[in-house]
Amino acid sequence: MSTVDDVDLGRRRFLTATATVVGGVGVAFVAVPFLKSWSPSERAQAAGAPVEADISKLEEGALMTVEWRGKPVWLLKRSQKMLDDLASLKNNLLDPNSEMASQQPKYAQNATRSIKPEVLVMVGICTHLGCSPTFRPEIAPADLGPNWKGGFFCPCHGSLFDLAGRVYKGVPAPSNMEVPAYRYLSDTRVLIGVNPETA
Ligand code: FES
């Protein structure tokens, strides 16, 4: 059975241990504000600080998501077949040549809507009422029909986009999905929210 003395002894041990830990934390407190001053604050992130994406592990045909300005930004590594199929869809698309200037920077106003053809960088939000479309890379799945060459399907009201985010004709979405400003820091690092230095 424990006594008051036992408890006091235990408490003293606890206090000693706590003091030691606090000493350690004290050191950490010195370092943290220093580090913080070098990284963007959360408020700055929300306001639109650039976000870096590491695509070194992104495999062909795969899609990854990073968050920028509170929105999902997709990075899709397209295969040569996916790129070849883009050219065959023109007649089905509302803005096949990306003429609506608000939907991509000038340097992405090209056949693949990207800086490097194989990597699509795009805000993952439907241009109808803002749902997030689903990635549907399959060829001719039963629910999307025999002419489907892969793309994005918005489950909210059925808008369809190809693998460059170009909207199909006859769906509720009025424009292609948005390509944000971005630039490459290296072959495997993409900075989202900043134009290339040459743009
Ligand atoms: S929000 Fe995507 S189709 Fe309406």
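See the structure printed just above.
Residues numbered from 1 in each chain as written. Predicted model: local features only at pLDDT ≥ 70, side-chain atom pairs only at ≥ 80, totals over all residues. Heavy atoms only, no water.

Q: Looking at this structure, how should I read unusual backbone geometry?
A: Excluding glycine, a negative phi dihedral is what most residues carry, and trans is how most peptide bonds are arranged. Backbone geometry at R69 places phi at a positive 50 degrees, although glycine is not the residue there. Structurally, R69 is set in the loop between β2 (63-68) and β3 (71-77). At R113, a position not held by glycine, the phi torsion is positive, near 55 degrees. Take R113: it is sitting in the loop between α3 (80-87) and β4 (119-123). Looking at R113, the relative accessible area reads 0%, which means it is buried. (Helix = DSSP H or I, 4+ residues; strand = E, 2+ residues; numbered from the N terminus. Buried < 20%, exposed > 50% of the residue type's maximum accessible area, 1.4 Å probe, protein only.)

Q: Would you mind going over the sheet that holds strand β7 (residues 160-162) with me for this structure?
A: The pairing of strands in a sheet comes from backbone hydrogen bonds and takes either a parallel or an antiparallel form. The sheet built from 3 strands is open, its strands ordered β5-β6-β7 with antiparallel pairing. Of all strands in the sheet, those with a lone pairing partner are β5 (134-136) and β7, marking the two edges. Between one strand and the next, the sheet's axes are offset by a mean angle of 30 degrees, whatever the strand orientation. Two elements, strand β6 (residues 151-153) and β7, share 3 bridges in a ladder whose sense is antiparallel. (Pairing = 2+ DSSP bridges. Axes fitted to C-alpha atoms, helices over the stretch in contact; angles between N-to-C directions.)

Q: What exactly am I supposed to notice about the packing of aromatic side chains here?
A: Pairs of aromatic rings are described using the distance from one ring centre to the other and the angle between the two planes. Applying the stated criterion across every chain, the model contains 5 aromatic pairs. An angle of 75 degrees between the planes, with centres 6.4 Å apart, marks the rings of Y107 and Y182 as edge-to-face. Of this pair, Y107 sits in the loop between α3 and β4 while Y182 sits in strand β8 (residues 182-186), placing them 75 residues apart in sequence. Centre to centre, the rings of Y182 and Y184 are 6.3 Å apart; their planes meet at 65 degrees, and the pair counts as edge-to-face. No difference in accessibility class separates Y182 from Y184, as the two residues are buried. (Phe/Tyr/Trp six-rings, centres within 6.5 Å; stacked < 30°, edge-to-face > 60°.)

Q: Sorry if this is basic, but what is going on with the pattern of salt bridges here?
A: Pairing between side chains of opposite charge can happen when their charged atoms approach one another. Applying the stated criterion across every chain, the model contains 7 salt bridges. A salt bridge links K116 to D187, with the nearest nitrogen and oxygen atoms 3.0 Å apart. You can see K116 sitting in the loop between α3 and β4 and its partner D187 sitting in the loop between β8 and β9 (189-192), a full 71 residues away along the chain. Residue class for K116 comes out partly exposed when judged on its relative accessible area of 22%. Across the pair E138 and R136 runs a salt bridge, and its minimum N-O distance is 2.9 Å. One continuous salt-bridge network, built from bridges that share partners, spans R136, E138 and D143. (Salt bridge = Lys/Arg side-chain N within 4 Å of Asp/Glu carboxyl O.)

Q: What's the story with the state of the cysteines in this structure? I'm lost.
A: Each disulfide consists of a covalent bond between the sulfur atoms of two cysteine residues. Counting across every chain of the model gives 1 disulfide. Across the disulfide, C131 is cross-linked to C156 (sulfur-sulfur distance 1.9 Å). Taking the torsion about the sulfur-sulfur bond, which here is approximately -95 degrees, the covalent link between C131 and C156 counts as left-handed. Pair noted here: C131 is in the loop between β4 and β5 and C156 is in the loop between β6 and β7, with a separation of 25 residues, a long-range link. For C131, a relative accessible area of 21% puts it in the partly exposed group. (Disulfide = S-S within 2.5 Å.)

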